[in-house]
Amino acid sequence: MRTTIDPEVLRLREENLALMDELEGAYQELAQVVQVSKEETDVAYAELRTKIVELEHRVGELVRLGEVGKVLSSELRLDVLMNVLMAKVEDLVKYDVACFMVGCGNGEYEIVAERGIEKGLVGRKGKIGEVGGEVLIVGDFERAGEAVGSFRLIPEARSGVVMEMGRQGYGLLVLNSYERETFKESAKVFLLAFATQASIAIENAKLYKNLEKIVVGVMISLITALEAKDSYTEGHSQRVAWYAVVLGRKLGLKGTSLEGLHRAGLIHDVGKIGIGESIIGKKGKLTHDEVLQMNLHPVLGESIVKPINLLGSILPAIRLHHERYDGKGYPSRLRGEAIPIEARILLVADAFDAMTSNRPYRKAMTPQEAMREIQRNSGAQFDPKVVRALESCFEEIAGGLETRI
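Residues numbered from 1 in each chain as written. Predicted model: local features only at pLDDT ≥ 70, side-chain atom pairs only at ≥ 80, totals over all residues. Heavy atoms only, no water.

A. Structural view of the sheet that holds strand 1 (residues 97–105). Read across the sheet, 6 strands follow the order 3-2-1-6-5-4 without closing on themselves; strand pairing throughout is antiparallel. Whereas interior strands pair on both sides, the edge strands pair on one side only; in this sheet they are strand 3 (125–127) and strand 4 (135–138). Across the sheet, the mean angle from the axis of one strand to that of its neighbour is 25°, orientation sign disregarded. Where strand 1 lies against strand 6 (residues 171–177), 6 bridges are found, and the strand directions are antiparallel. Note that in strand 6 the partner of Met101 across the bridge is Leu172. Helix-sheet contacts for helix 2 (residues 78–88) involve strand 1, strand 2 (108–115) and strand 6, and the interaxial angle to strand 2 is about 65°. (Pairing = 2+ DSSP bridges. Helix = DSSP H or I, 4+ residues; strand = E, 2+ residues; numbered from the N terminus. Axes fitted to C-alpha atoms, helices over the stretch in contact; angles between N-to-C directions. Contact = heavy atoms within 4.5 Å.)

B. A look at the layout of surface pockets. By volume, the second largest pocket is sized at about 680 Å³. For the second largest pocket, the lining is made up of 28 residues, of which Gly255, Thr256, Ser257, Glu259 and Gly260 are closest to its centre. At 9 residues, helix 6 (residues 255–267) tops the list of elements feeding residues into the lining of the second largest pocket. Across the lining of the second largest pocket, the residue classes break down as 13 nonpolar, 7 polar and 8 charged. (1 Å grid on protein atoms, 1.4 Å probe; cavity = no way out; pocket = protein on both sides within 12 Å on 5 of 7 lines; lining within 4 Å. Points joined across faces, edges and corners; volume = space filled by probe spheres on them. Nonpolar A, V, L, I, M, F, W, Y, C, P; charged D, E, K, R; others polar.)

C. Spotlight on the packing of aromatic side chains. For the structure on display, the rule yields 2 aromatic pairs. Pairing Trp242 with Tyr243 gives two aromatic rings, centres 5.6 Å apart and planes at 55°, and the pair type is tilted. For Trp242, a relative accessible area of 35% translates into the label partly exposed. (Phe/Tyr/Trp six-rings, centres within 6.5 Å; stacked < 30°, edge-to-face > 60°. Buried < 20%, exposed > 50% of the residue type's maximum accessible area, 1.4 Å probe, protein only.)

D. Region of interest: the pairing of strand 1. Across 7 bridges, the pairing between strand 1 and strand 2 is antiparallel. Its bridge partner being in strand 2, Phe100 is matched across the sheet by Ala113. Here strand 1 folds back onto strand 2, and the loop between the two strands holds 2 residues, one of which, Asn106, carries a positive phi near 60°.

Nothing here speaks to function; it is geometry throughout.
Okay, here's the thing in structure tokens:
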């Protein structure tokens, strides 16, 4: 029996099929929109992530730059600051070798500090090309030509950076890399900020050094005036300072340690300002009580220098330059290595000059006689290590003494 389908049902079926087709088309369109939106979202997210990473990098650079600035501003010793600059710039950009050059005038510079260079360039002088601003970036020395050839520290270097430091062409910080294009132009703003910080630190260090010179100059003037009253001791401090530097250099002292030793030598007797002129200028041997008063001069010297913060590092040498190696010296009766090396050096230098100078009660010894006397007291009054140093540089010291005589 044949079934007849209600026309209304057929109509509804056709409408449903048509609706399904529309829904399918709408779904396809929606899927395409979602896919496009996802791709756009992925692109936008990637761009955002790139910007976030770049921002984090910039923030990191600023943080490092701030930390470097703190370190630079806290260092007031010029020679130390030069090495600090080369060390701290490595926190900002990577390099293989570096040097600090100081202007000598007429476009010539001298290398005064270096890093990563085995053969050593300190002391080398030469004409330097134009930087053309505070920061010069050389991507490839081979392509750059002769104009920047003087900034190539070693033949193996392929790229470099040159930064002006300080005012009026004071100095240049030069970095080299073994790779080409190591230093990017995009880093120039960052390096300019570092150069500005470094220049301020250098100017502060130069002012500090000038202030030190003024203070030491005042002290030397006092000593000179004191020694001028007694022809037997005139020039004593200058000679002791020179002997001490020769001995200190032989014993491996350098930089600020050697400079401090020189200053201590120049003003080691400043405490004698507080000793009565009747004792200082006495034309004969001192009595026991007068010796006790004279022995106060290292402590008095310390008290005179102590308020001057600039000279704080040399206080121990001034106070202890009469301590004996065997512990029988004054004022603290220290023994052996407990006595700072600077004070042990000054004791030998002081004794050598005293023995080779005329006194009202005796004639000066010859350098050879003074040397033998110091050797005889090695291990008792004097540190054997310092005595050996005097032996090894005796000709240099005796030669200077002969010139004075």
